[in-house]
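The lines below spell out each chain.
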Amino acid sequence: GAGPAPAPGSRQPDLAGYDRGVAAAVRSDLAASARLPDGGQAYVFGDTLAVNGRVICGPSRCPHGYPHDSIAVQRPGTATFAMQSCAATGCPYGWQQVPDWPDGSYFWMAAPAVAGTSLYVTGERISRPAGAAEGEYTARFTVGAGDALTYQGITALTGPAGGTQWGSATPDPHGRGWRL
């Protein structure tokens, strides 16, 4: 959606500026965003082929393809997208925020939502080699100083595998959980 209007007197980049900013940061097959507590935006991406202008993997270099999720933070009033590296924690490829399951299946991000100091990202568990959806999950990240994101874990949503249960998420206005 269009989101809230910018603050009076603030200067926002034009759409071409945003396009250039995203193109410089990432090449992926999916993007969605949610507003962070300080007004920045967390952008989540699905299958990620390049970060900061560098192709991550080619068929001969990566045994399992490429990162299946990544995250960037965009600062308010800018068209700068800072990709969130997780290399220090040993994550796959240095950019994939949610680890693969032991059987090789992976998380494919889709719908982010922020509540307090937590970023929740709903997505699907995808099997290998078939590429079939095995169920829906929500990954949780804490949002720290400077919008630093730290992966906290993943939780299965209830319902049958392959059945869609979400399209977006928002916190319940009365504090009783989430509306999916």
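Heads up: these notes are all about the structure in this document. (Residues numbered from 1 in each chain as written. Predicted model: local features only at pLDDT ≥ 70, side-chain atom pairs only at ≥ 80, totals over all residues. Heavy atoms only, no water.)

1. What about the overall build of the chain?
The line we're drawing: The helix and strand labels rest on DSSP assignments: H or I over at least four residues marks a helix, E over at least two residues marks a strand, and numbering proceeds from the N terminus. Buried, partly exposed and exposed residues are distinguished by accessible area as a fraction of the type maximum, computed with a 1.4 Å probe on protein chains only: under 20%, between the cut-offs, and over 50%, respectively. Here, residues are in contact when the closest pair of their heavy atoms is within 4.5 Å. Note on areas: these come from Shrake-Rupley sampling with a 1.4 Å probe, and a residue is covered only by the protein chains present in the view.
In terms of regular secondary structure, the chain is built from 1 helix and 13 strands. Start at the N end of the chain and walk to the C end: the helices and strands fall as α-β-β-β-β-β-β-β-β-β-β-β-β-β. With 180 residues in all, the chain has 41% of them scored as buried. Contacts spanning at least 24 positions in sequence make up 48% of the contacts within the chain whose residues lie at least 6 apart. If you sum the accessible surface of the chain, you get close to 9600 Å²; carbon and sulfur atoms cover 55% of it.

2. Things to note about the packing of aromatic side chains
The test is simple: Stacked, tilted and edge-to-face are the three classes applied to pairs of Phe, Tyr and Trp rings, where Trp contributes its six-membered ring and a pair requires centres within 6.5 Å; stacked means planes under 30 degrees apart, edge-to-face means over 60, and tilted covers the rest.
For the structure shown, the criterion picks out 3 aromatic pairs. Considering the side-chain rings of Tyr43 and Phe81, the 5.1 Å spacing of their centres and the 75 degrees angle between planes classify their relative orientation as edge-to-face. Of this pair, Tyr43 sits in strand 3 (residues 41-45) while Phe81 sits in strand 7 (residues 81-83), placing them 38 residues apart in sequence. Judged on exposure class, the residue Tyr43 and its partner Phe81 are both buried.

3. Brief notes about the sheet that holds strand 10 (residues 133-143)
This is how the line gets drawn: The criterion for strand pairing is that DSSP finds at least two bridges linking the strands in question. With axes taken as lines fitted to C-alpha atoms, and helix axes fitted only over the stretch in contact, angles between N-to-C directions fall between 0 and 180 degrees.
Across the sheet, which stays open at both edges, the 4 strands sit in the order 8-9-10-11 with antiparallel pairing between neighbours. The open sheet has two free edges, formed respectively by strand 8 (106-115) and strand 11 (149-156), since each of these has just one partner strand. Going from strand to strand, the sheet's axes swing by 25 degrees on average, the running direction of each strand aside. Of the pairings in the sheet, the one linking strand 9 (residues 118-126) to strand 10 comprises 9 bridges and is antiparallel in character. In the sheet register, Ser118 faces strand 10, and the bridge partner there is Thr142.

4. Considering the sheet that holds strand 2 (residues 31-35)
The sheet built from 4 strands is open, its strands ordered 2-3-6-7 with antiparallel pairing. Here the strands that pair on one side only, and so sit at the sheet edges, are strand 2 and strand 7. Neighbour-to-neighbour, the strand axes of the sheet open up by a mean angle of 30 degrees, direction not taken into account. Here strand 2 pairs with strand 3 via 5 bridges, running antiparallel. From the neighbouring strand, Ala31 faces strand 3, where its bridge partner is Phe45. Seen against the sheet, helix 1 (residues 15-25) touches strand 6 (70-74) and strand 7 and runs at an angle of roughly 15 degrees to strand 7.

5. Remarks on the nonpolar core
Using the following cut-off: The nonpolar core is taken to be a set of buried Ala, Val, Leu, Ile, Met, Phe, Trp, Tyr and Cys residues, with the residues joined through side-chain atoms within 4.5 Å.
Core analysis: the largest hydrophobic core is formed by 19 residues, its most contacted members being Ile71, Phe107, Met109, Leu119, Val121 and Phe141. Elements represented by at least two residues in this core include exactly strand 2, strand 3, strand 6, strand 8, strand 9 and strand 10. No other element matches strand 10, which puts 4 residues into this core. Ignoring sequence-local partners within four residues, the contact set of Val121 consists of Val44, Phe107, Met109, Ala110, Ala111, Pro112, Tyr137, Thr138, Ala139 and Phe141. Judged by nonpolar contacts, the second largest core, of 12 residues, contains Val51, Ile56, Ala72 and Phe81.

6. Thoughts on unusual backbone geometry
Among all residues save glycine, negative phi is the norm, and among peptide bonds the norm is trans. Positive phi, normally seen in glycine, also occurs at Asn52, with a value near 50 degrees. Position of Asn52 relative to the elements: it lies in the loop between strand 4 (48-51) and strand 5 (54-55).

7. Here's the deal with the pattern of salt bridges
Basically, it comes down to this: When a carboxyl oxygen of Asp or Glu is within 4 Å of a side-chain nitrogen of Lys or Arg, the pair counts as a salt bridge.
According to the stated counting rule, one finds 3 salt bridges in the structure shown. Through salt bridges with shared partners, a single ionic network connects Asp103, Arg125 and Glu134.

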